[in-house]
Amino acid sequence: MKLKTVWERVTRALSSGKMEEASSEDSPLLPTESRTSHFSGKGVEHGSSKDLKTVNIQAASEDERYSTDYGDSDPSLEKQHLLDPQPQQLNACNPESCCAKYILFFSNFGFSVLGLLTLGVGIWGLIDKESLIWERIQHLGSDPMLFVVLLGFVMTVVSVAGSMGALRENACLLKFFTIAVVVFVVLQVLSGIVLYTLSAQIGKSLGGFMQLAITRYQDDADMKFIMDEIQMGLECCGVESYQDWKLNPYFNCSSPGANACGVPFSCCIDPLQNGTVANTQCGFGALGTEEMVAQSLVYLGGCMSQLTRWVSRNLGLLGTAAAVLLVLEIVSLLLATRLLGDIDLIKSQW
């Protein structure tokens with residue numbers, strides 16, 4: 001009897017230990033203290049009234065807190081974060097940056113239109129004078145309309161780069177625009193210094209150019225156009241006086257042509273017939289008559305003195321225009337620099 005009783009007790013003890021081990025294995029999320037409590041006889045026991053699901057939830061929350069405290073994160077979550085990063089909002093700018101952006105865009109858009117108009121006028125002038133045909137292509141370098149074409153082209157390229165760079169927030173276009181504006185500012189300042197310090201030499205060079213234009217008046221359409229505009233605009237004739245037209249082989253009194261001893265219609269006091277059509281014969285014979293008679297037909301004074309007086313009277317206006325242009329260039333430069341700084345700041349946060 002005693003042996004049987006002892007055997008039953010041992011069997012019950014062994015079976016009880018196996019059940020406790022199975023309970024521990026079925027609940028892997030139980031904390032270490034809860035699992036050891038089965039063997040120590042304290043805490044949670046087999047058949048306890050405490051719900052196993054509640055213990056598992058508490059263990060999971062403890063594991064999550066442990067991962068947060070010690071930097072243990074789920075590799076799958078890290079991989080998903082790397083594959084789907086937070087998008088950088090380049091267009092989401094503060095009010096100051098947006099204001100700079102659109103001011104730079106609209107101002108350069110206006111200069112782009114002006115540049116295209118200048119380019120169109122230059123191309124039209126080259127085509128109208130037939131300067132692009134093969135017989136005259138070798139003289140294209142001295143054609144004033146080529147300067148107009150180049151000016152319009154440069155204005156258009158730089159302005160388009162500035163407007164599109166501001167609108168699209170393109171760093172390359174903005175850097176190109178910034179460099180071009182710096183070059184323009186430097187050239188403008190240097191031109192002002194040269195005009196101020198070398199005004200006498202520039203006046204002599206301009207007088208020599210006008211004499212050349214008088215000599216080639218009938219042979220060069222550009223020279224003819226320039227002299228006609230100067231004489232009609234300033235109400236003058238020749239460089240120093242109307243007698244300078246004797247340098248032209250067609251208006252010289254020794255010339256056998258119909259223009260002998262005459263001056264161009266642009267020297268006449270009333271160069272337009274009926275106010276619309278140019279009277280090309282109004283200056284005929286002016287060089288062969290006395291000054292008292294000639295002054296009723298043509299202007300006797302030269303264009304060089306008239307040009308000097310015009311520059312003196314409008315020096316303030318010219319200086320103001322140059323200063324306004326310089327201020328606009330500097331403001332555009334500052335706006336472009338501000339946008340470049342914002343773009344670099346955003347890229348540094350990537």
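Residues numbered from 1 in each chain as written. Predicted model: local features only at pLDDT ≥ 70, side-chain atom pairs only at ≥ 80, totals over all residues. Heavy atoms only, no water.

Draft legend 1. Representation of the packing of aromatic side chains. One pass over the full model with this rule turns up 5 aromatic pairs. Seen from their ring centres, Phe 105 and Phe 106 are 5.0 Å apart, and the 70 degrees between their planes marks the pair as edge-to-face. Members of the aromatic cluster, connected to one another through ring pairs, are Phe 105, Phe 106 and Phe 109. (Phe/Tyr/Trp six-rings, centres within 6.5 Å; stacked < 30°, edge-to-face > 60°.)

Draft legend 2. Spotlight on the environment of Ala 258. On the secondary structure map, Ala 258 appears in the loop between helix H9 (221-234) and strand S1 (272-273). A relative accessible area of 64% places Ala 258 in the exposed class. Distance in space between the C-alpha atoms of Ala 258 and Phe 284 is 8.1 Å, their sequence separation being 26 residues. (Helix = DSSP H or I, 4+ residues; strand = E, 2+ residues; numbered from the N terminus. Buried < 20%, exposed > 50% of the residue type's maximum accessible area, 1.4 Å probe, protein only.)

Draft legend 3. Here's a closer look at the pattern of salt bridges. Within this structure, the stated rule accounts for 4 salt bridges. The salt bridge involving Arg 216 is made with Asp 220; its shortest N-O contact spans 3.1 Å. Among the residues examined, Arg 216 registers a relative accessible area of 35% and is labelled partly exposed. (Salt bridge = Lys/Arg side-chain N within 4 Å of Asp/Glu carboxyl O.)

Draft legend 4. Spatial organisation of helix H7 (residues 171-197). In a regular helix each residue adds 1.5 Å, so 27 residues correspond to 39 Å; H7 covers 39 Å between its end C-alpha atoms and thus fits that length. Among all positions in H7, only Ala 171, Leu 174, Phe 177, Thr 178, Ala 180, Val 181 and Val 185 are buried. Residues of H7 that are buried make contact with helix H5 (95-128), helix H6 (144-168) and helix H12 (315-348). Two or three places before Cys 172, at the start of H7, stands the capping residue Asn 170, its side-chain oxygen 3.0 Å from that residue's backbone nitrogen. (Expected span 1.5 Å × (residues − 1). Contact = heavy atoms within 4.5 Å. Polar contact = N/O pair within 3.5 Å; in protein donor to acceptor, adjacent residues only side chain to side chain.)

Draft legend 5. Representation of the confidence of the model for the protein. Summary statistics for the protein give a mean pLDDT of 76 and a share of 69% for residues scoring 70 or more. Confidence, read as mean pLDDT per element, is least for helix H2 (residues 32-40) in the protein (42) and greatest for H7 (92). Predicted confidence for residues 18-57 stays below pLDDT 50, and this span has 33 contacts to residues more than four positions away or in other chains. (pLDDT = per-residue confidence, 0-100.)

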